[in-house]
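Residue-level structural notes
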Amino acid sequence: MQILVAGGAGYIGSHTCTALLEAGHRVIAADNLCNSKAETIIKVEHIAGKDMVFYEIDVTDTASVDTVFANHEIDGVIHFAGFKAVGESVEKPLDYYYNNIVSTMVLSRACMKYGVGKFVFSSSATVYGENQVPFVETMDLLPTTNPYGETKAVSERILTDAARANPGFKVSLLRYFNPVGAHESGLIGESPNGIPNNLMPFITQVVKGKLDRLQIFGNDYPTIDGTGVRDYIHVMDLAEGHVSALDHLTEGVHIYNLGTGQGTSVLQLVRAFEEAIGVEVPFEIVTRRPGDIAECYADVSKAQEELGWTARRDIIAMCRDAWRFENSYSD
Ligand code: NAD
Ligand code: WQD
């Protein structure tokens with residue numbers, strides 16, 4: 001198939017382009033590079049040993065998106081393009097609502113216009129809010145405490161309504177848990193701007209010496225050791241999940257959790273990193289981060305049964321690959 005990957009230069013998008021090329025698909029990436037670099041596209045081509053087409057465009061711009069659809073016979077779209085920082089979304093709600101929702105509207109309308117029948121969307125476990133773990137796809141969505149989460153819930157709604165009204169439009173809504181790690185080559189990975197918000201890049205930067213010590217946000221949660229529990233998933237497992245979702249996409253709207261189904265606490269991740277790399281991770285316990293929940297992990301049985309997909313890489317591989325990338329890229 002020929003797949004348009006919106007946000008293809010970004011963290012999850014670039015790994016998915018690699019997986020798509022390796023699975024034999026042709027890839028057109030579209031990205032405005034607001035949170036990524038053009039050289040990532042060249043690295044993806046190098047890893048896969050295949051070329052892809054790249055458009056530096058903003059996918060909220062209807063005319064630019066129209067040009068891409070007019071120039072290529074597209075079979076499916078994977079939509080990664082969006083802003084993703086939860087805290088920033090509270091500061092800049094309108095930017096988040098505009099970018100994340102208008103991009104979904106523009107891309108899905110182009111699919112209607114050009115008869116493109118497959119759409120895979122990057123949603124997030126954040127839409128479950130404070131439901132009871134493990135999170136199951138059939139749960140009612142609970143309001144999230146931030147505009148970012150709302151943009152995901154609204155985009156899911158828009159795509160669901162579009163699919164109901166247009167039977168040829170097949171939609172897969174993928175709810176990611178906590179993507180971490182990097183491609184095994186060390187060539188592509190996650191390189192956040194400024195001080196990282198997320199745990200794994202924070203740990204790698206502490207060990208690299210860029211940051212002093214890890215602050216663990218709270219050790220008084222009702223969890224195995226008092227620290228927050230999350231379902232970390234290797235970004236290459238996540239990437240392969242997208243290929244499976246595309247391959248198995250049938251009529252209607254399908255929602256899948258993409259996680260491992262395993263909860264790991266902050267302290268357990270720190271210890272796993274120390275074991276994987278053979279270093280000590282300096283940390284201190286501080287107060288809880290506002291908005292954090294105690295536990296977040298997936299029920300992954302639906303993706304296993306319907307997509308034949310399961311996450312294969314363990315927490316040690318996630319740490320090792322995150323560290324290899326941290327060590328290999330230059331800022
Ligand atoms: P990322 O920022 O690395 O990638 C997003 C890419 O989209 C970037 O390359 C950026 O330049 C591009 N982009 C943003 N707005 C655009 C626009 N209007 N037009 C064209 N390009 C645009 O983020 P990521 O971690 O790869 O996340 C990809 C998607 O997955 C996002 O939608 C995010 O909300 C979702 N998601 C991410 C996580 C996570 O923890 N990383 C978890 C759940 C869901
Ligand atoms: C993980 C755990 C923290 C940093 C976020 C978004 C979510 C999704 C993935 C997009 C928590 C603890 C963290 C630190 C710490 N993104 N922590 N010290 O918050 O689960 O999810 O990214 O959809 O929407 O909210 O991920 O990596 O920030 O935190 O102790 O310096 O690590 O409290 O328990 P989170 P995270």
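The rules behind the values
- Residues numbered from 1 in each chain as written.
- Chains lettered and ligands numbered in written order.
- Predicted model: local features only at pLDDT ≥ 70, side-chain atom pairs only at ≥ 80, totals over all residues.
- Heavy atoms only, no water.
- Helix = DSSP H or I, 4+ residues; strand = E, 2+ residues; numbered from the N terminus.
- Pairing = 2+ DSSP bridges.
- Expected span 1.5 Å × (residues − 1).
- Contact = heavy atoms within 4.5 Å.
- Near = heavy atom within 4 Å.
- Polar contact = N/O pair within 3.5 Å; in protein donor to acceptor, adjacent residues only side chain to side chain.
- Areas by Shrake-Rupley, 256 points an atom, 1.4 Å probe, with all protein chains shown as cover.
- Buried < 20%, exposed > 50% of the residue type's maximum accessible area, 1.4 Å probe, protein only.
- Arc of directions from axis to C-beta.

For the peptide bond that leads from Val 133 to Pro 134, omega is -5 degrees, which places it in the cis range. Here Pro 134 is to be found in the loop between β5 (118-124) and α6 (147-165).

Here we take up the sheet that holds strand β9 (residues 229-230). In spatial order, the strands read β12-β9-β14; together these three strands make up an open sheet with mixed pairing. The open sheet has two edge strands, β12 (264-265) and β14 (295-296), and neither has a second partner. Pairing analysis gives two bridges linking β9 to β14, with the strands arranged parallel. Within the sheet, the bridge partner assigned to Val 229 lies in β14 and is Glu 295.

This next bit is on helix α9 (residues 266-277). Taking 1.5 Å of rise per residue, the 12 residues of α9 would be expected to cover 16 Å, and the 17 Å separating its terminal C-alpha atoms lies within 8% of that figure. Buried-residue contacts for α9 involve α7 (199-208), β8 (214-217), β10 (232-234), β12, β13 (283-286) and α11 (315-328). Two residues or fewer past α9, Gly 278 is found with a positive phi of approximately 75 degrees.

Okay, the site of ligand 1 next. In the vicinity of ligand 1 there are 27 residues, among which Asp 31, Asn 35, Ser 36, Asn 99 and Tyr 148 approach most closely. Taking Val 59, its main chain carries an N or O atom lying 2.9 Å from a nitrogen atom of ligand 1. Within the side chain of Lys 84, a nitrogen or oxygen atom sits 2.8 Å from an oxygen atom of ligand 1. In isolation ligand 1 offers 820 Å² of accessible surface; the protein chains occlude 95% of this area. Here the shell around ligand 1 takes three residues from β5, the largest share from any one element.

This part is about helix α3 (residues 62-71). Three or more residues of α3 are buried, namely Val 65, Val 68 and Phe 69. Here the buried residues of α3 occupy an arc of 95 degrees about the axis, which is enough to place them on one side. Those residues of α3 that are exposed and angled more than 90 degrees off the buried face are Ala 63 and Ala 70. Tucked into the core, α3 has its buried residues touching β1 (2-6), β2 (26-30), β3 (53-55), β4 (76-79) and α5 (93-114).

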